[in-house]
Amino acid sequence: MVTKGEMRACLLDGDNTNYDLDRGFTRHPIEDTSNPEGIVIRLGKPCIINTIKLLLWDRDMRSYAYYIEASIDEKDWVRIVDHSKYLCRSWQTLHFPSRVCKYIRIVGVRNTVNKVFHLVSCEAYHTSSPFQLDNGLIVPTENVATTKASASVIEGVSRSRNALLNGDTQNYDWDSGYTCHQLGSGSIVVQLAQPYIISSMRLLLWDCDARTYGYYIEVSTDQQHWERVADKSKESCRSWERLHFSKRAVTFVKIVGTRNTANEVFHCVHFECPAQPAEGNEEQENSDSDSSGPPMEIDGSNQQPQLPRPLQGASPPRGSMQYQFPQGGAEGDRF
């Protein structure tokens, strides 16, 4: 049961779909004290756990920072997860060395919108599935840049918000299936749900004709301090790109196009991290690619896409090409 926190009944009711600005979460004020109360859960009996799964409130694009402590007597606390310096959002899957505990304390230290920490769901259990940690952070083997893993695209232009992360590397053409940005203005930014230790990435550049691109990639854990992990700004790149670099904590990935031999827009079809093994011939040039026309161009004066004239017999563009990626959220007295 939840013993500390506001609106305690919501956290363990098993409902992780029906929540909004007013209901469906447990919360606590973010305090600048050395011993904040946070949200405390008392288990039915002492248990051995090594995994906690949280759902942070995610009805807008806000992020949170937090840490988790465990105790057997509610007096001596041991920190088992520390994401106090990282921006996190939505579902969190957290692993740590097995520990006996009866009490779990979740303490929010930051909300990018206001001074309240909101938690929709919490699960604690022991898993026998293998996992690897490095300085307390998960070293993933599967792609974590997916919507299933709660990753999201927070900057870029596309017909659909998360086309870059939906795993579809086959269905794209000059009209859809990619995310882009104007060269010299903006970028494509992916936010992972939580910090991971990453040392590789893979991306698919739009390759339905013979054009080549230049680009570089930077990573961050707070969206303020960036480290460049790949620089291909002066190279001629096309189709599949596999990148390796020294391992580091990553929450945000910024892809910045620097050149395109066909127009002034950088187009990316797919992104993943860590890099997954290639399937079949997907990293080979596709000689049967549709070259019916180039991807959309963006008018640099207003950032609104300008579609090329369709070839005879081609279907017309379907709606606006631009998707707005909101950041932050509305701040109210209660939320």
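Residues numbered from 1 in each chain as written. Predicted model: local features only at pLDDT ≥ 70, side-chain atom pairs only at ≥ 80, totals over all residues. Heavy atoms only, no water.

## Thoughts on the layout of surface pockets
Next up, step 1: There is about 670 Å³ of room inside the largest pocket.
Next up, step 2: The wall of the largest pocket is formed by 25 residues, among which Thr93, His95, Glu142, Val144 and Tyr196 lie closest to the centre.
Next up, step 3: Every element with two or more residues in the lining of the largest pocket is listed here: strand 3 (39-56), strand 6 (91-111) and strand 12 (188-205).
Next up, step 4: Residues that form the lining of the largest pocket fall into these classes: 11 nonpolar, 11 polar and three charged. (1 Å grid on protein atoms, 1.4 Å probe; cavity = no way out; pocket = protein on both sides within 12 Å on 5 of 7 lines; lining within 4 Å. Points joined across faces, edges and corners; volume = space filled by probe spheres on them. Helix = DSSP H or I, 4+ residues; strand = E, 2+ residues; numbered from the N terminus. Nonpolar A, V, L, I, M, F, W, Y, C, P; charged D, E, K, R; others polar.)

## Remarks on the environment of Lys254
Next up, step 1: Tracing the backbone through its elements, the reader meets Lys254 in strand 15 (residues 240-260).
Next up, step 2: For the pair Lys254 and Glu227, spaced 27 residues apart in the sequence, the C-alpha separation amounts to 9.8 Å.
Next up, step 3: With near-sequence residues (within four places) excluded, Lys254 lies in contact with Ser187, Ile188, Val189, Tyr216, Ile217, Glu218 and Trp226. (Contact = heavy atoms within 4.5 Å.)

## Remarks on the nonpolar core
Next up, step 1: Counting 43 residues, the largest nonpolar core has Leu192, Met201, Ile217, Val253, Phe266 and Phe271 as its most contacted members.
Next up, step 2: Among the secondary structure elements, those contributing two or more residues to this core are strand 12, strand 13 (213-220), strand 14 (227-237), strand 15 and strand 16 (265-272).
Next up, step 3: The element best represented in this core is strand 12, accounting for nine residues.
Next up, step 4: Once residues lying within four places of it in the same chain are set aside, the contact partners of Met201 are Ile217, Val219, Val229, Glu241, Arg242, Leu243, Phe245, Val253, Phe271, Glu272, Cys273 and Ala275.
Next up, step 5: Among the nonpolar cores identified, the runner-up in size contains 34 residues, and Leu43, Ile68, Val120 and Leu137 belong to it. (Core = buried A, V, L, I, M, F, W, Y, C linked by side-chain atoms within 4.5 Å. Buried < 20%, exposed > 50% of the residue type's maximum accessible area, 1.4 Å probe, protein only.)

## Focus on the pattern of salt bridges
Next up, step 1: Summed over the entire model, instances satisfying the criterion amount to 16 salt bridges.
Next up, step 2: For Glu69, the salt bridge goes to Arg105, with nearest N and O atoms at 2.6 Å. Of this pair, Glu69 sits in strand 4 (residues 64-71) while Arg105 is found in strand 6, placing the two residues 36 residues apart along the sequence.
Next up, step 3: Since its relative accessible area comes to 10%, Arg105 is described here as buried. (Salt bridge = Lys/Arg side-chain N within 4 Å of Asp/Glu carboxyl O.)

## Let's talk about the confidence of the model for the protein
Next up, step 1: Looking at the protein, pLDDT values average 87 and 83% of them are 70 or higher.
Next up, step 2: The model gives residues 285-293 a pLDDT under 50, and that stretch makes 11 contacts with residues more than four places away or in other chains.
Next up, step 3: The model gives residues 299-335 a pLDDT under 50, and that stretch makes 82 contacts with residues more than four places away or in other chains. (pLDDT = per-residue confidence, 0-100.)

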